[in-house]
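Observations on chain architecture
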Amino acid sequence: MNPARWKDDAFRVTIVIVTAAIYCLGLVWFLEPAQVYSAGVTGLSQIIKRLLDSVYEIPLGVYTLVLNVPLFIYGWRKVSRRFAIYSVISVIVQTIMTLDFLPVPDLGLDPMENQLTYAIIGGLITGVACGIALRFGTSTGGLDILGQVLAIEKNISIGIFTMIANILIAIIGGAVVSHSWPIAFYSCIRIILTSVAIDKIHTAYNHVKLNIISTSVDGMLEELLAMHRGCTMIPVEGAYSHQKKFDLIMVVSSYELEKAVAICKKHDPHCFIIVEPVKRLYGNYTRKSIV
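Residues numbered from 1 in each chain as written. Predicted model: local features only at pLDDT ≥ 70, side-chain atom pairs only at ≥ 80, totals over all residues. Heavy atoms only, no water.

To continue, consider the overall build of the chain. If you tally the helices and strands in the chain, you get 10 helices and 4 strands. When the elements of the chain are put in sequence order from the N terminus, they spell out α-α-α-α-α-α-α-α-β-α-β-β-α-β. Judged by the C-alpha coordinates and their principal axes, the chain covers about 75 × 40 × 35 Å. Across the 291 residues of the chain, 44% fall into the buried class. In the chain, of all internal contacts separated by at least 6 residues, the share reaching a separation of at least 24 is 75%. On the chain, roughly 15,200 Å² of surface is accessible, and the fraction owed to carbon and sulfur atoms is 64%. (Helix = DSSP H or I, 4+ residues; strand = E, 2+ residues; numbered from the N terminus. Buried < 20%, exposed > 50% of the residue type's maximum accessible area, 1.4 Å probe, protein only. Contact = heavy atoms within 4.5 Å. Areas by Shrake-Rupley, 256 points an atom, 1.4 Å probe, with all protein chains shown as cover.)

As C-alpha cells, then:
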C-alpha cells in the first residue's frame, strides 16, 4: 500500500473513533437521560427501544447496530468501500459505548425537569462530533450512507434529506411514542443546534472554488488532477515583486477541501490560496463519493 494512502487512512480511522466517542457522550450523558431524540438511525433506535422496553430490555447499541447492517451493505455497493468501512468502525464504537455500561455523571440536575438544557448541550456535542467527522471526509454512519447515495445518484441535497428525516423522527418519537409534544419540540431544537454546530465546523455537502497562486505548480498540479477534478492554469504576475506565477483555479467539494490544501502546501508552503463558496454549478462536474 502507498505509505501516504496508509497514513491518510490511519488518520481518518482515528478521526472516526474519536468523533464516534464524542457523539456517544452527547447521546448517553444528555439526550437519552432527558428522552430527547437523536438523529438518524440512532433516533430510530431510541424509538424502537422505547416501544419494546416493556417486553425486551435490550441496550440501545444493539438496535443501532442491527439497523445499520443493511445500510453498510448498501453503502459498500453504492458509495465506496472506504466510506462503508469508516461507517462500520463508527457504528461499532457507538454500539460499544451505548451498551449501558458508560457511567452518566451527576450534574446536579434532573434531566426530565431540565430537558431544554440537556437538549441544547447534547445537540451541540453531537453536532461538534458530526462536524469534525465531515470535515475530514468521514461520517458517523447511519443515514449519512443513504444520503450519500441520494446525492450522487439523484442529486438530492443531503442537508435537506437529513433535516426532513430527523424532524420526522423527532415528531414521531416525541408526540407518538413518548406522548409528549415538549419532547418533540426539544428534539427539534436539538436538530437545529446540531445543524448550526456542523455548519460552523464544516459546511457539508457544498462546493468551493480555489484560487491557488504559486510559483511552483508542476508536482502540485499533477496531484490535484489525480483527485479527478479539472483545473485551469493562468499565468499571472505579482504586482509588487513582478515575479512570474500561476493561478490554478478549480472547484472541489467541501469534503475534498482539506486534501487539496494539504497537496498545495506540500509542494509550496508559501502558496496563496483563496477559498470561495460556490452557489451553483453548470457543466461537466461529477458529484462523487466523499472518499
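Alright, that's what it looks like, and here's the rest.
Note that strand β2 (residues 232–237) and strand β3 (residues 244–253) share 6 bridges and pair antiparallel. Paired with Met233 across the bridge in β3 is Leu248. Hairpin remark: β2 followed by β3, antiparallel, with 6 residues in the connecting loop; positive phi at His242, about 60°. (Pairing = 2+ DSSP bridges.)

Below, the discussion takes up helix α3 (residues 60–78). In this model α3 runs 27 Å from its N-terminal to its C-terminal C-alpha over 19 residues, within 8% of the 27 Å that 1.5 Å per residue would give. Taken as a whole, α3 carries its principal kink of about 35° at Val69; the proline Pro70 stands between one and four residues after it. (Expected span 1.5 Å × (residues − 1). Bend = angle between axes of the 7 residues up to and from the residue.)

In contact at an axis separation of 10 Å, α3 and helix α4 (residues 81–97) are set at 175° when each is read in the N-to-C sense. With respect to α4, the element α3 is oriented roughly antiparallel. Side by side, α3 and α4 meet where Gly61, Val62, Thr64, Leu65, Asn68, Phe72, Gly75 and Trp76 of the first sit next to Arg81, Ala84, Ile85, Ser87, Val88, Val91 and Thr95 of the second. Of the residues in the contact of α3 with α4, the class split is 8 nonpolar, 6 polar and 1 charged. (Axes fitted to C-alpha atoms, helices over the stretch in contact; angles between N-to-C directions. Parallel < 35°, antiparallel > 145°, perpendicular 65-115°, else oblique. Nonpolar A, V, L, I, M, F, W, Y, C, P; charged D, E, K, R; others polar.)

Let's shift gears to the environment of Glu222. Structurally, the position occupied by Glu222 is in helix α9 (residues 218–225). Accessibility expressed as a relative area gives 61% for Glu222, which makes it exposed. For the pair Glu222 and Val88, spaced 134 residues apart in sequence, the C-alpha to C-alpha distance is 32 Å.

We now examine the side chain of Asn211. Relative to the elements of secondary structure, Asn211 occurs in strand β1 (residues 207–214). With a relative accessible area of 11%, Asn211 lands in the buried category. What Asn211 contacts, discounting residues up to four positions off in sequence, is Asp247, Leu248, Ile249, Phe272, Ile273, Ile274 and Glu276.

So, about the sheet that holds strand β4 (residues 272–278). Note: strands within a sheet are paired through backbone hydrogen bonds, in either parallel or antiparallel orientation. Here 4 strands make up an open sheet; going across it, the order is β2-β3-β1-β4 and the pairing antiparallel. With one partner strand each, in any of the chains shown, β2 and β4 form the two edges of the open sheet. Strand-to-strand twist in this sheet, taken as the mean axis angle between neighbours without regard to direction, amounts to 20°. Strands β1, β2 and β3 of the sheet are contacted by α9, whose axis makes an angle of about 15° with β3.

Let us look at a nonpolar patch on the surface. Residues Val62, Val66, Ile92, Ile96, Leu99 and Phe101 make up a contiguous nonpolar surface patch of about 510 Å² in total accessible area. Counting residues per element, the ones that place at least two in the nonpolar patch are α3 and α4. In this fold, Val62 is placed in helix α3. For Val62, a relative accessible area of 33% puts it in the partly exposed group. (Patch = residues over 30% accessible without salt bridge, like charges linked within 9 Å, V, L, I, M, F, W, Y side chains within 5 Å. Salt bridge = Lys/Arg side-chain N within 4 Å of Asp/Glu carboxyl O.)

What follows deals with the confidence of the model for the chain. The predicted model of the chain has a mean per-residue pLDDT of 84, with 90% of residues at 70 or higher. Here helix α6 (residues 143–154) stands out as the least confident element of the chain, with mean pLDDT 70; β2 is the most confident, with 94. (pLDDT = per-residue confidence, 0-100.)

Here the focus is the packing of helix α5 (residues 115–135) against helix α8 (residues 181–201). Their axes nearest at 7 Å, the elements α5 and α8 cross at an angle of 35°. You can see that α5 and α8 cross each other, and the crossing is right-handed. Looking at the contact of α5 with α8 residue by residue, the class counts come to 15 nonpolar, 6 polar and 2 charged. (Left-handed = near helix turned anticlockwise from the far one by under 90°.)

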